[in-house]
Amino acid sequence: MVSVKYVDVFLAILAHIWLRNRQPISLRRSIVPMGLIPCMLAYCSDDPGVSVLNLYLIFVLTLLTSILTYRISPFHPLAQYPGPLLCKISKLWTAYIAYRGKLHHYHRMLHFQYGPIVRVGPNELSICDKDFISHILGPTGLPKGPLWDGRSFSSTTDKNNDNKLISMKNPVRHAQLRKPWNQAFKGTPLKTYEETLINEVNQFIGLLENTYQTSPDRKGRINLTQWISYLSFDFMGTIAFGDSFNLLRDGDKDGIFKNMENGLFWPSILQHVPWLTRIMHATPFAGGSIKQFAAFAMQQAQRRLAQDVQKHDFFYFMLNALESDSRNDLIPFIFNNSVLAIVAGSDTTATALCNIIYYLLRYPSYFKRLRQEIDEVFSFLDCAPVNISQLPDLKLLNAIINETLRLQPPLPNSLQRASELGSQGNMYGKTFIPGGTAVIIPPYTLHRHPSYFSPRPDEYWPDRWLIENDPTIILDLGAFIPFSYGPANCAGKPLAMQELRYITAVLVRQFDITFDPAFQPESWEDALVDRFVIAKGPLPVVITPRSS
Ligand code: HEM
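Just so you know, the residues in each chain are numbered from 1, in the order the chain's sequence is written. In view of the model being predicted, local features appear only for residues whose pLDDT reaches at least 70, and side-chain atom pairs are presented and counted only at 80 or more, with totals across whole chains, interfaces and linings using the full set of residues. As a rule here, side-chain values cover all heavy atoms of the structure and leave hydrogens and water aside.

Naming follows an unreviewed UniProt entry, where the protein chain appears as Cytochrome P450 of Hypholoma sublateritium. UniProt positions are given in the numbering used here, feature names are shortened, and annotations may be inferred rather than shown by experiment. In the Pathway (unreviewed entry) part of its UniProt record, the protein chain is described as follows: "Secondary metabolite biosynthesis." Under the UniProt heading Cofactor (unreviewed entry), the entry covering the protein chain gives this text: "heme".

Caption draft 1: Structural detail: the pattern of salt bridges. Within this document, salt bridges are pairs made up of a side-chain nitrogen of Lys or Arg and a carboxyl oxygen of Asp or Glu, the two lying within 4 Å of each other. Within this structure, the stated rule accounts for 16 salt bridges. Put simply, Asp-458 and Arg-108 hold a salt bridge, and the shortest N to O gap is 3.2 Å. Here Asp-458, found in the loop between β8 (453-454) and β9 (474-475), pairs with Arg-108, found in helix α6 (residues 103-114); they are 350 residues apart in sequence, far enough to count as distant. If you follow the salt bridges from partner to partner, you end up with Arg-108, Arg-448 and Asp-458 in one network. Elements are defined by DSSP. Helices are runs of H or I of four residues or more, strands are runs of E of two residues or more, and each kind is numbered from the N terminus.

Caption draft 2: Quick look at the coordination of the iron atom of the ligand. When only protein atoms are considered, the iron atom of the ligand has one donor, Cys-490 (SG), at a distance of 2.3 Å. Secondary-structure assignment places Cys-490 in the loop between β9 and α22 (493-510). For Na, K and Ca the donor cut-off is 3.2 Å, and for all other metals it is 2.8 Å, counting N, O and S atoms only; because water is absent from this set, sites may look incomplete.

Caption draft 3: Molecular detail of helix α5 (residues 91-100). Categorising residues by exposure relies on relative accessible area from a 1.4 Å probe, with only protein chains included: less than 20% of the type maximum marks a residue as buried, more than 50% marks it as exposed, and the intermediate range marks it as partly exposed. The set of residues buried in α5 consists of Lys-91, Thr-94, Ala-95, Ile-97 and Ala-98. What you see down the axis of α5 is that its buried residues fit within an arc of 165°, all on one side. For this analysis, a polar contact is any N or O atom pair within 3.5 Å, provided that within protein one partner can donate a hydrogen and the other can accept it, and provided that sequence-adjacent residues contribute only side-chain to side-chain pairs. Sitting at the amino-terminal end of α5 is Ser-90, which places a side-chain oxygen 2.9 Å from the backbone nitrogen of Leu-92. The arc in question is formed by the directions pointing from the helix axis toward the C-beta atoms.

Caption draft 4: Highlighting the sheet that holds strand β7 (residues 438-441). Note: two strands are recorded as paired if DSSP finds a minimum of 2 bridges between them. Taken in spatial order, the 4 strands of this open sheet run β1-β2-β7-β4, and their pairing is mixed. Where the open sheet ends on each side, the last strands, each with one partner, are β1 (117-121) and β4 (415-418). If you compare each strand with its neighbour and ignore which way they point, the axes differ by 30° on average. Bridge count for β4 against β7 is 4 bridges, and the pairing is antiparallel. Looking across to β7, one finds that Leu-415 is bridged to Ile-441. A fitted line through C-alpha atoms serves as each axis, taken over the contacting stretch for helices, and the angle formed by two N-to-C directions is quoted from 0 to 180°.

Caption draft 5: Layout of the site of the ligand. Working definition: residue near molecule or strand if any one of its non-hydrogen atoms lies within 4 Å of it. Residues in contact with the ligand amount to 28 residues; listed here are only the nearest, Lys-144, His-174, Arg-178, Ser-484 and Cys-490. Within the side chain of Lys-144, a nitrogen or oxygen atom sits 2.5 Å from an oxygen atom of the ligand. In this structure, an oxygen atom belonging to the ligand sits 2.8 Å away from a side-chain N or O atom of Arg-178. Contributions of two or more residues to the shell around the ligand are made by α9 (171-184), α18 (330-362) and β4. A total of 7 residues in the shell around the ligand trace back to one element, the largest contributor, which is α18. Its residues placed into classes, the shell around the ligand shows 18 nonpolar, 7 polar and 3 charged. Here the nonpolar group is Ala, Val, Leu, Ile, Met, Phe, Trp, Tyr, Cys and Pro; Asp, Glu, Lys and Arg are the charged ones; every other residue, Gly included, is treated as polar.

Caption draft 6: Structural detail: the state of the cysteines. Any cysteine sulfur atom paired with another within 2.5 Å is treated as part of a disulfide. Under the defined criterion, the tally for this structure stands at 0 disulfides. No disulfide involves Cys-354; its sulfur sits 17 Å from that of Cys-490, the nearest cysteine. For Cys-354, a relative accessible area of 0% gives the class buried.

Caption draft 7: How the structure looks around the pairing of strand β10 (residues 511-515). Side chains Phe-511, Ile-513 and Phe-515 of β10 all project onto a buried face; the interleaved residues Asp-512 and Thr-514 project onto a face where none is buried. When β10 meets strand β13 (residues 540-545), the two strands line up antiparallel, connected through 5 bridges. Looking at the pairing, Ile-513 lines up with Ile-543 of β13.

Caption draft 8: The arrangement of the environment of Pro-189 in detail. Here Pro-189 shows up in helix α10 (residues 187-214). Along the sequence, Pro-189 and Phe-317 sit 128 residues apart, while their C-alpha atoms lie 6.8 Å from each other. In contact with Pro-189, other than residues within four places in its own chain, are Gln-183, Ala-184 and Phe-317. Contacts are assigned to residue pairs with any non-hydrogen atoms lying within 4.5 Å of each other.

Caption draft 9: Up close: a nonpolar patch on the surface. On the surface, Phe-10, Ile-13, Leu-14 and Ile-17 cluster together into a nonpolar patch covering about 350 Å² of accessible area. Among the residues examined, Phe-10 registers a relative accessible area of 52% and is labelled exposed. Each patch is assembled from residues with relative accessible area greater than 30% and no salt bridge, linking like charges that lie within 9 Å and nonpolar side chains (Val, Leu, Ile, Met, Phe, Trp, Tyr) that lie within 5 Å. Using a 1.4 Å probe, accessible areas were evaluated by the Shrake-Rupley method; residue-level cover was limited to the displayed protein chains.

Caption draft 10: Structural detail: the nonpolar core. Buried residues of nine kinds, namely Ala, Val, Leu, Ile, Met, Phe, Trp, Tyr and Cys, make up a nonpolar core once their side-chain atoms join them within 4.5 Å. By size, the foremost hydrophobic cluster in this structure holds 128 residues, and its most contacted members are Trp-181, Tyr-193, Phe-233, Phe-293, Phe-314, Leu-360 and Ile-441. With 18 residues, the single largest contributor to this core is α18. Setting aside its immediate chain neighbours within four residues, Phe-233 contacts Phe-245, Leu-247, Ile-256, Phe-257, Met-260, Phe-293, Ile-342 and Ser-346.

Caption draft 11: The arrangement of the packing of aromatic side chains in detail. Any Phe, Tyr or Trp ring, taking Trp's six-membered ring, that has another such ring centre within 6.5 Å forms a pair; planes under 30 degrees apart are called stacked, those over 60 apart edge-to-face, and the others tilted. Applying the stated criterion to the full structure yields 23 aromatic pairs. With 5.9 Å between their ring centres and 70° between their planes, Phe-132 and Tyr-428 make a pair best called edge-to-face. You can see Phe-132 sitting in helix α7 (residues 131-137) and its partner Tyr-428 sitting in strand β5 (residues 426-428), a full 296 residues away along the chain. In this structure, Phe-132 and Tyr-428 share a single accessibility class: buried. Arranged with centres 5.6 Å apart and planes meeting at 80°, the rings of Tyr-230 and Phe-257 form a pair that is edge-to-face. Of the two residues, Tyr-230 is situated in helix α11 (residues 224-241) and Phe-257 in helix α13 (residues 256-263); the sequence distance between them amounts to 27 residues. Assessed through its relative accessible area of 11%, Tyr-230 is described here as buried. Of the aromatic side chains, those joined through ring pairs into one cluster are Tyr-358, Tyr-359, Tyr-363, Tyr-366, Tyr-460, Phe-515, Phe-519 and Trp-524.

Caption draft 12: Main features of the packing of α10 against α22. Remark: α10 packs on α22, axes separated minimally by 11 Å, with the N-to-C direction vectors making an angle of 35°. Viewed along their axes, α10 and α22 form a crossing whose handedness is right-handed. Every residue of α22 that contacts α10 at Leu-190, Tyr-193, Glu-194, Leu-197, Ile-198, Val-201, Phe-204, Ile-205 and Leu-208 is listed here: Pro-494, Leu-495, Gln-498, Glu-499, Tyr-502, Ile-503, Val-506, Leu-507 and Gln-510. Of the residues that constitute the contact of α10 with α22, the class distribution is 14 nonpolar, 2 polar and 2 charged. Left-handed describes a crossing whose near helix is turned anticlockwise from the far helix through less than a right angle; right-handed describes the clockwise counterpart.

Here it is in structure tokens:
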């Protein structure tokens, strides 16, 4: 009779084949049933020399050996692609690098070493070649990849998953969910948000002036990171829920902002190993911050629903754009979209704004030139108001924003897509990408690649966007993707650009700003870490109202 140990080994190999073909992330449907196999074998066996522990050890070791051998074997579909051994073996390695917050630097280094296509995970490629951008992210590209399973703030069984734009893999459903977003961020709606933006920025300016007035030495010392984060969070609150979160006024007294930032920490790591996210969801005390943030967002959604439907905020336009048969279940719809608007729209914009100001202070000649450009259009002496609709015409302002988004894209690395598991795969020119492979397009690496941005791709040089007809300058707009590309690109880009232009123009026009003398500017870039959105260190500055 065949020993039960051999049966155990055989079943472990079968379990690997099953896992490989399905890649399940649900605990209930994968780890738990597999965990029962050794138990059942021990129960059925009458061999006294075999214990459950024995069978568990054999099962787990065989399973791991089978997985690892296959991943580094020449039979793996990605075997032809170069990459470090640890990446080929397990995404746990990537999760570890992500934990340190510099995955975008690591991937850039891998592209230097291995070329434009690198195997960065057992089933994942990173492609730093602009010709692939439209193939992967474009209208006929691939659906969203497995990272989104791990970024989710709720369990896979959540019945709302079918309403979530950000993690929607089905392209047809994604297009349906995306439609109201596209309507809510163009033309008349966008114009309507201008008033909200102006009011929020006026409050911000008032607070800065007040800090200056009340400082004993007439030097307004502030941590710009915190204030700009509060400003953009308050603004998104007003846009999404019709009322500001009042962080600028009251500070983060209820810990909302802190909960959102802390809540993104684990998803930014576990997104690389989505099955671990399920363990986190199943653990009662884990993910507390994000659960509190979600509860807060739900409260706000309910409050907004109880209010005047005619209030012209984001929801007014979203609801108007919504097909009538989708209106049955408004709370989940509002909840999903408002959480998304806040998470996707506040920290990204704050990161870009902080970086814009940081570079302007590091390179004061650009600060001076920008102020000149703004003054020429909106006379400071005559107190002419900054007109938002004229800002897209300010060439240097736009060059400064682009150069900042080039060097420090707020989503630096993980634009991920993947074809369905078991699908045929795709041929792009001479490159074959097997079905089920996740593909990352890395903006940070593309934006600093000398084939696309040259000379001095690592240097801050906004003039590269202004100089025309100079054959020595390469500026390849096809490789510039801070807002991604294609049908799942940034839905809020028009609003974000409006915010970046207006807040930068107003700050530069109204205030003299310098780094706090105690601050080491070189430390700023080191402190930027990728936590799905970029987490930032303090940016201590001294501000003085210009008129004084
Ligand atoms: C400087 C500011 C911003 C940057 C750099 C940025 C960047 C991005 C990027 C790169 C993506 C695409 C991710 C992918 O392709 O997988 C994205 C998606 C998205 N962004 Fe933004 N974003 C910004 C601001 C905003 C704002 C203000 C909003 C709106 C309130 C917003 C809403 C969204 C939404 C809803 C998506 C998901 C789109 C979809 O799946 O169809 N973003 N953003």
